[in-house]
Amino acid sequence: MSAELLLELEDITAGYGKMMILHGLSMRCRRGEIVTLLGANGVGKTTTLRTILGQAHLRSGGVKFNGADISRLPPHKTAELGISHSPEGRSIFGNLTVLENLRAGGHLLKTRVELKDHLGRVYSLFPRLKERRGQIAGSLSGGEQQMLAMGRALMSNPTLMLLDEPSLGLAPQLVKLVADTLTEVNRTGTSVLLVEQNARLALEIAKYGYVMEKGTIALEGDSQQLSANEGIKRIYLGLVDRVDGKSTSRGGCSG
Amino acid sequence: MTYFLQQMLNGISWGSILAMLGAGYTMTFGIIGLVNFAHGEVFMAGAFAAYFALYAAGLPFGVAVVIGILGAVVVGLFVERIAFKPVRGSGMITLFITSFAASIGLRTLFVMLFTDKAKPFVLPDFLDGAYILGDLWVFKRTIAIVVVLVVVGGLLMYLVKKTKTGIAMRAMSYDMQTAQSMGMNTEKIIILTFMIASALAGVAAIMWGVSYGRIRSSMGMMPVVDAFIASVIGGVGNVFGAIVGGLILGIGETLFVAYLPPELIGLRTLFVWIVLFIILIIKPSGLFRANIK
Amino acid sequence: MRLKEGLTPVTRYVIGIGLLVLLLFALDRFLPGFWLTLFLLFGINTILAVSLNITNGWANLFSIGHGGIMLAGGYAAALFTLPVFFKADIVGLHLPGWILNVQIPFLPALIIGGVIGSVVGIVLALPALRLRGLYFILVTLGFNLIMVTIAENLRNYTNGAMGLRQFPLYTNVWWVWGIAFLLIYIAWMLKKSFIGRAMIALGRDQELAEHMGINLMRYKIYAFGLSTFFTAIGGILWVHLILNLFPNAFGLTLVFHVVVMIVIGGMGSISGAVIGSAIVTSFTLVLAPVEEGFRLFGLQVPRMMGLTTLLFAAMLIVILILKPQGLMGEGEFSLQGLRRKLSRSKPAS
């Protein structure tokens, strides 16, 4: 039996207000792994992360972390358990400096020593952030903001890090930096759940992957398996209704 | 020249009151988007609490100050629980309407119970008197007010800029949801913000009582507007900006009135509106950086 | 209803207006004093509420400046409707001759006052119309205070704090309810028309409306202009009923009461505004004697001036917590809706 289960989502129906976005979604993350959640725009990847964090309306189903049910926990309690978040679109605090953003990420740390320690680690991963630590975050470039978002998520030394499309809008060398950082972070013990549109990048660094469609998991498997899977391409291009080994293609495209 | 300096001192005194009111006002606006009309009544309640401590109970001035601040905090929290918490997330307009209702309700209640007649707020002995430099009268109470402004303002700035709580407050003002995912207990911090804002209003109330020697049920009606304008001048959610904004308004208004020809004296209330219109036309986001998205 | 379906639209209008005229005639003739006053107040409040609803309810321009608008309109009309002997001799206003030496009938005064109130409102609101809601609230709050200051200080035009008296009693059921029904009709038609729907669209989602090609500034000005026009008229009607006008005639409490009307009724609903106005008017008049203090079972209950306002404040907070869309939400009263509701509550036959 491989590593223990860290995160379990069981038959989730969730959304916002009265509108449900996820239907019967189930997935698992094992400790120490990088797991990726893929899918086209609007299928519910962000909603899945928000459900884990307690920021969406969970109508039915359960979320378990380390075996304990966290479905009804408010967001700040979820963070206390060791789950951190690098949100979609960076969502850094534009009115605070780089350093203040990082300190915000370290809100739950108890001692100044810990804070200094973790800060040091983030600075060594992202030297650019140290250079710009007094700068107002709103004035950083897109790539720097992404580094900040990731650095901020690392400040709490999380058990599980949730990232929402970190590569979006980044130049190739920055995308590589993101990938390398995630691999490094994972090596030192942090588990990662990576939501991505860039399937190729994600499957390169992840061990296991899930592909979403219309609010539920359509496909899952080891990253090597998924990389080779024709079905993924079709789901992304929207040429099929479902993939369950059989494909029913519509439209004029051949194979 | 002496006249100018004398009026400057008056202006700094009035400006300090507005600075304290504006700072509290901008804090609650920044953090939950609340245009808090009832802040004027929290201010008034603090003044009344101190007044009762001084006259009904004959307590020493220091104790009355503490009771005044506590009174403001209690009323501020009461209004938060009843009129703001239940509608949080319903949008700025709804929050404003409930604050409008709370403001009118509280004011009407106080007028019903205590009438709108002025009540005396006699200066304690150690604040009575002035230092006379040539023709200039530097009142002891003015010095006290400035000292309080500097001390309280300094503490407030330290809280907001350097402490973990202050960073959390500012982060929450910008993006509440992301702040929550960092583990910030937003409910607790919101309550703390209201307590601090109300305490600042309490401090402003004491300053007012000491400056003008009288309080009344409707005393909150005009200052709350000045506090609102001070926050706009300073940049929404920016505490330092509101303090500066309050001082600008206070000093400006006092000098405006001081140099206004006597026939036009009734136009004094227009000053703050002229400043507001200027700011809205030139730089609506305020002089300093706002703390909201 | 079969009867209604058999008639042409023109006939329907004629019958409708005919019934209205009859109703007003009967009320004017037969209502005893107290009820007449209540009915007149109800009418003025309805005008204020329905007009406020256009900005606060539809266009999402939350205004609390109606006190100032009423003052502007009231004074503007007053200068024309006051008798010459009062203006020139008793008070000695320094007005140009063509104003000072005439006393005009109600209709032109209403129109002049309405237009002036509206123009003043738009001019003062312009800097805030393109900014966020909070600035708009602040600026409209300023209207009230600015207008009061102007009224108090331009003594040569307004007689300052001493106020104006000797107004002709122009206001009656016909004017009040004629205008009220006119406003309701205009609002009703507007709500269905393109202009109205554009206003509501920009009220719901400004950016989306802009993307759909709606010129935001233009429609905001339309909404604000129309609303303030009728609000000013409401003020003029009031002044010519109570026959005096002071700078603090339309204070924050009145402003608050009108807000209560539209919130309780439902912001965005014309029928809601009428219902809200009915509720506020009746509470005010019913509680007025209570506020004076009375004897109950031998105990003297003291004067509690402001009890009504306090009650409204509590009601407003409760409504916003329990049913924030108000009694009617954004919808309107309709005979079909009523029929549907009644048939639903009937047991299956």
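Residues numbered from 1 in each chain as written. Chains lettered and ligands numbered in written order. Predicted model: local features only at pLDDT ≥ 70, side-chain atom pairs only at ≥ 80, totals over all residues.

Each helix and strand counted, chain B has 11 helices and four strands in total. Taking 2.2 N^0.38 as the reference for a compact globule, 293 residues should give roughly 19 Å; the C-alpha atoms of chain B span a radius of gyration of 19 Å, in line with that estimate. The C-alpha extent of chain B, read off along each of the three principal axes, is 60 × 50 × 35 Å. Considering only contacts in chain B between residues 6 or more positions apart, those separated by 24 or more positions represent 76%. (Helix = DSSP H or I, 4+ residues; strand = E, 2+ residues; numbered from the N terminus. Rg over C-alpha atoms; globule rule 2.2 N^0.38 Å. Contact = placed C-beta atoms within 7 Å.)

So, about the overall build of chain C. The number of helices and strands found in chain C is 17 helices and two strands. Looking at chain C as a whole, 44% of its 349 residues qualify as buried. Long-range pairs, those at least 24 residues apart, make up 78% of the contacts in chain C with a sequence separation of at least 6. (Buried ≥ 20, exposed ≤ 12 C-beta atoms within 10 Å, placed from the backbone.)

Glancing now at the sheet that holds strand β3 (residues 34-38) of chain A. All names here are of chain A. Pairing in this open sheet of six strands is mixed, and the strands run β6-β7-β8-β3-β9-β10 from one edge to the other. Two strands close off the open sheet at either side, each with one partner strand: β6 (83-86) and β10 (216-222). Each strand of the sheet is rotated relative to its neighbour by a mean of 15 degrees, with strand direction disregarded. The pairing of strand β7 (residues 160-164) with strand β8 (residues 191-196) spans five bridges and is classified as parallel. (Pairing = 2+ DSSP bridges. Axes fitted to C-alpha atoms, helices over the stretch in contact; angles between N-to-C directions.)

Counting residues at the interface gives 20 residues for chain A, matched by 19 residues for chain B. Elements represented by at least two residues in the side of chain A that touches chain B include exactly α2 (75-80) and α3 (98-105) of chain A. When its residues are assigned to classes, the side of chain A that touches chain B shows eight nonpolar, nine polar and three charged. (Nonpolar A, V, L, I, M, F, W, Y, C, P; charged D, E, K, R; others polar.)

All names here are of chain C. Predicted confidence across chain C gives a mean pLDDT of 86, with 95% of residues reaching 70 or more. Taken element by element, the predicted model of chain C shows its lowest mean pLDDT in helix α1 (residues 2-5) (56) and its highest in helix α14 (residues 252-265) (95). The complex prediction reports pTM at 0.88, with the ipTM value standing at 0.90. (pLDDT = per-residue confidence, 0-100.)

At a closest axis distance of 11 Å, the pairing of helix α4 (residues 92-114) of chain B and α14(C) adopts a crossing angle of 135 degrees. In this view, α4(B) runs oblique relative to α14(C), as classed from their interaxial angle. The two elements α4(B) and α14(C) meet at a crossing, and its hand is left-handed. Here α4(B) contributes B:Ile97, B:Phe100 and B:Ile104 to the contact with α14(C), which in turn contributes C:Thr253, C:Phe256, C:Val259 and C:Val263. Its residues assigned to classes, the contact of α4(B) with α14(C) shows six nonpolar, one polar and no charged. (Parallel < 35°, antiparallel > 145°, perpendicular 65-115°, else oblique. Left-handed = near helix turned anticlockwise from the far one by under 90°.)

Attention shifts here to the interface of chain C and chain B. Taken together, the contacts link 32 residues of chain C with 34 residues of chain B. Elements represented by at least two residues in the side of chain C that touches chain B include exactly α7 (106-129), α8 (133-153), α14 and α16 (307-322) of chain C. Across the side of chain C that touches chain B, the residue classes break down as 24 nonpolar, seven polar and one charged.

One broad rule of soluble globular proteins: the nonpolar side chains tend to lie buried together. All names here are of chain B. In this structure, Ala50 and Ala204 are the most contacted members of the largest nonpolar core, which totals 269 residues. At 15 residues, the largest contribution of residues to this core is made by helix α8 (residues 186-212). Residues contacting Ala204, with those up to four places away along its chain left out, are Ile17, Met20, Leu21 and Phe43. (Core = buried A, V, L, I, M, F, W, Y, C linked by C-beta atoms within 7 Å.)

All names here are of chain B. The pairing of strand β2 (residues 130-133) with strand β3 (residues 136-139) spans four bridges and is classified as antiparallel. Looking across to β3, one finds that Ile132 is bridged to Trp137. Connecting β2 to the next strand, β3, in antiparallel fashion are two residues, including Gly134 with a positive phi near 70 degrees.

All names here are of chain B. As a packed pair, helix α1 (residues 2-32) and helix α10 (residues 239-259) sit with axes 6 Å apart at the nearest point and diverge in direction by 145 degrees. The two elements α1 and α10 meet at a crossing, and its hand is right-handed. Grouping the amino acids of the contact of α1 with α10 by side-chain chemistry returns 18 nonpolar, 11 polar and one charged.

Here we take up the sheet that holds strand β2 (residues 19-30) of chain A. Residue and element names in this part refer to chain A. An order of β2-β1-β4-β5 is seen for the four strands of this open sheet, with the pairing classed as antiparallel. The sheet is open, and its two edges are formed by β2 and β5 (68-69), each paired on a single side. Where strand β4 (residues 57-65) meets β5, two bridges bridge the pair, whose relative direction is antiparallel. Counterpart to Lys64 in the pairing with β5 is Asp69.

For the rest of this paragraph, the subject is unusual backbone geometry. Residues and elements named next belong to chain A. Its identity is not glycine, yet Asn66 carries a phi of approximately 55 degrees, on the positive side. Within the secondary structure, Asn66 is located in the loop between β4 and β5. Despite not being glycine, Asn157 has its phi angle at roughly 50 degrees, a positive value. Mapped onto the secondary structure, Asn157 falls in the loop between α6 (142-154) and β7. The exposure class of Asn157 is partly exposed, given the 18 C-beta atoms found within 10 Å.

Moving on: the pairing of β8(A). All names here are of chain A. Taking burial as the measure, the six residues of β8 include six buried ones, the bulk of the element. The alternating pattern of β8 places Ser191, Leu193 and Val195 on one face and Val192, Leu194 and Glu196 on the opposite face, and all of these are buried. Between β7 and its parallel partner β8, the chain crosses via helix α7 (residues 172-187), and the hand of that crossover is right-handed. (Right-handed = clockwise from strand over helix to strand, strands pointing away.)

Before going further, it helps to examine helix α6 (residues 164-174) of chain B. Of all the 11 residues making up α6(B), eight are buried; the element is thus mostly covered by neighbouring parts of the structure. Within α6(B) the residues assigned to the buried category are B:Ile167, B:Ala168, B:Met169, B:Arg170, B:Ala171, B:Met172, B:Ser173 and B:Tyr174. Contacts from the buried residues of α6(B) go to α3 of chain A together with α1, α5 (140-162), α7 (176-181) and α8 of chain B.

This next bit is on the environment of C:Pro96. Residue and element names in this part refer to chain C. For Pro96, the position within the fold is in the loop between α5 (84-90) and α6 (97-100). A tally of 8 C-beta atoms within 10 Å means that Pro96 is categorised as exposed. The spatial distance from the C-alpha of Pro96 to the C-alpha of Tyr157 is 9.9 Å, given a sequence separation of 61 residues.

Residue and element names in this part refer to chain C. Mapped onto the secondary structure, Ile64 falls in the loop between α3 (33-58) and α4 (66-81). Counting along the chain gives 13 residues from Ile64 to Ala77, while the straight-line C-alpha distance between them is 22 Å. The residues touching Ile64, leaving out its near neighbours within four places in the chain, are Ile137, Thr140, Leu141, Val255 and Val259.

Attention now moves to the environment of C:Ile47. All names here are of chain C. Relative to the helices and strands, Ile47 is located in helix α3. Separated by 121 residues in the primary sequence, Ile47 and Pro168 place their C-alpha atoms 21 Å from one another. Once you skip the residues sitting within four places of it in the chain, Ile47 turns out to touch Ile179, Ala180, Leu183, Phe230, Ile233 and Gly234.

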